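Report on the structure
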Amino acid sequence: MSSMIYRSSARALRSLLKAPRSSPLFSEGQAVAAAAATSFRRNVSSLASVYQRVDSNHAPSGWISGALAIPAAVYMLQDKEANAAELERTFIAIKPDGVQRGLIAEIISRFERKGFKLVGIKLVVPNKEFAQKHYDDLKERPFFNGLCDFLSSGPVVAMVWEGEGVIKYGRKLIGATDPQKSEPGTIRGDLAVVVGRNIIHGSDGPETAKDEISLWFEPSELVSYSSNAEKWIYGEN
């Protein structure tokens, strides 16, 4: 009976592990995984202890070993979901100077080569009132008015990028605010010279990203899709 339970559980877990993230099976598997991991770990440890005390020569070691493998599979399922949970979105804007200098393709290619996925893009000329909303957190700074004038001075390429760690690493790709302090290899380090013309903007945290995306994009303007490259980027074959 115990071996039958193990084989049945193992088959179920394999099905869960193979289920795509978007399927109802995978979602239900989350709850199963959390409960099963705790239950199996506790119950199997207790069973092993009892068997060893009663008769170590007749302990069903194969079943215990197999059962101990089940939490490992469960944790694999949980790890898979943990990786999925790391997928996030960030707002990136190529400022008027970047657009006028013809750097759109160069900047997009750097995010693409890293493995991030473009899920929203448009070319807009924001008015000053809109620029003031974008830079609202800097409204007390003496350079606020100049920032808003510049952002509203010409076309801006507004984008939303998706990927694991895209907010934090997107900032690394961009480089320091002052191009003079940006490392070679970053966008600003390679393509900009002075802080007043640093060609690109990127969200600096999850809350900022959420606010900026909702400011610049309607939900209908963002696309959710699976890229054929994702299995080669994240290793989920």
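Reading the values: the criteria
Residues numbered from 1 in each chain as written. Predicted model: local features only at pLDDT ≥ 70, side-chain atom pairs only at ≥ 80, totals over all residues. Heavy atoms only, no water. Helix = DSSP H or I, 4+ residues; strand = E, 2+ residues; numbered from the N terminus. Buried < 20%, exposed > 50% of the residue type's maximum accessible area, 1.4 Å probe, protein only. Contact = heavy atoms within 4.5 Å. Areas by Shrake-Rupley, 256 points an atom, 1.4 Å probe, with all protein chains shown as cover. Phe/Tyr/Trp six-rings, centres within 6.5 Å; stacked < 30°, edge-to-face > 60°. Pairing = 2+ DSSP bridges. Axes fitted to C-alpha atoms, helices over the stretch in contact; angles between N-to-C directions. UniProt positions renumbered as here; feature names shortened; annotations may be inferred. Polar contact = N/O pair within 3.5 Å; in protein donor to acceptor, adjacent residues only side chain to side chain. Salt bridge = Lys/Arg side-chain N within 4 Å of Asp/Glu carboxyl O.

Moving on to the overall build of the protein. In terms of regular secondary structure, the protein is built from 11 helices and four strands. Looking at the protein as a whole, 38% of its 237 residues qualify as buried. Considering only residue pairs separated by 6 or more positions, the protein has 76% of its internal contacts joining residues 24 or more positions apart. Looking at the protein as shown, the accessible area adds up to about 13,700 Å², and 54% of this sits on carbon and sulfur atoms.

Here we take up the packing of aromatic side chains. Scanning the model with the defined rule gives five aromatic pairs in all. When the ring of Phe130 is compared with that of Trp216, the centres are 4.7 Å apart and the planes differ by 85 degrees; the resulting orientation is edge-to-face. Of this pair, Phe130 sits in helix H6 (residues 128–134) while Trp216 sits in helix H10 (residues 206–216), placing them 86 residues apart in sequence. Put simply, the rings of Phe111, Phe116, Trp161 and Tyr169 touch in pairs and so form one group of aromatic residues.

Strand order in this open sheet of four strands is S2-S3-S1-S4, and the pairing throughout is antiparallel. Edge positions in the open sheet fall to strand S2 (117–124) and strand S4 (200–202), since each of these has one partner strand only. Sheet twist, expressed as the mean angle between neighbouring strand axes with direction ignored, is 20 degrees. Inspection of the sheet shows strand S1 (residues 87–94) paired to S4 by three bridges, in the antiparallel sense. Residue pairing in the sheet places Ile94 in a bridge with Ile200 of S4.

Within this numbering scheme, the UniProt entry marks Lys95, Phe143, Arg171, Thr177, Arg188 and Asn198 as carrying the feature "binding site: ATP" (unreviewed entry). Turning to its location among the elements, Thr177 is positioned in the loop between helix H8 (166–174) and helix H9 (187–191). Leaving out residues up to four positions away in the same chain, Thr177 has contacts with Arg188, Val195 and Asn198. Within the element layout of this structure, Asn198 appears in the loop between H9 and S4. Asn198 has contacts with Lys95, Asp97, Thr177, Pro179, Arg188 and Ala192, leaving out every residue within four places of it along the chain. At 2.7 Å, the side chain of Asn198 and the side chain of Lys95 are in polar contact.

A word on the pattern of salt bridges. In this structure the tally under the stated criterion is eight salt bridges. Residue Lys117 pairs with Glu230 through a salt bridge whose shortest N-O separation is 2.6 Å. Of this pair, Lys117 sits in strand S2 while Glu230 sits in helix H11 (residues 230–234); the two residues are 113 residues apart in sequence, bridging distant segments of the chain. Exposure remark for Lys117: the relative accessible area of 8% places this residue in the buried category. Taking the shortest distance from any N to any O, the salt bridge between Lys139 and Asp136 comes out at 3.6 Å. Here Lys139 falls in the partly exposed class, since its relative accessible area comes to 48%. One connected set of salt bridges, linked through shared partners, spans Arg89, Lys117, Glu162 and Glu230.

Looking now at the environment of Asp149. Along the chain, the position of Asp149 falls in helix H7 (residues 144–151). A C-alpha to C-alpha distance of 9.7 Å links Asp149 and Glu129, two positions 20 residues apart in sequence. Separated by 2.8 Å, the side chains of Asp149 and Lys128 make a polar contact.

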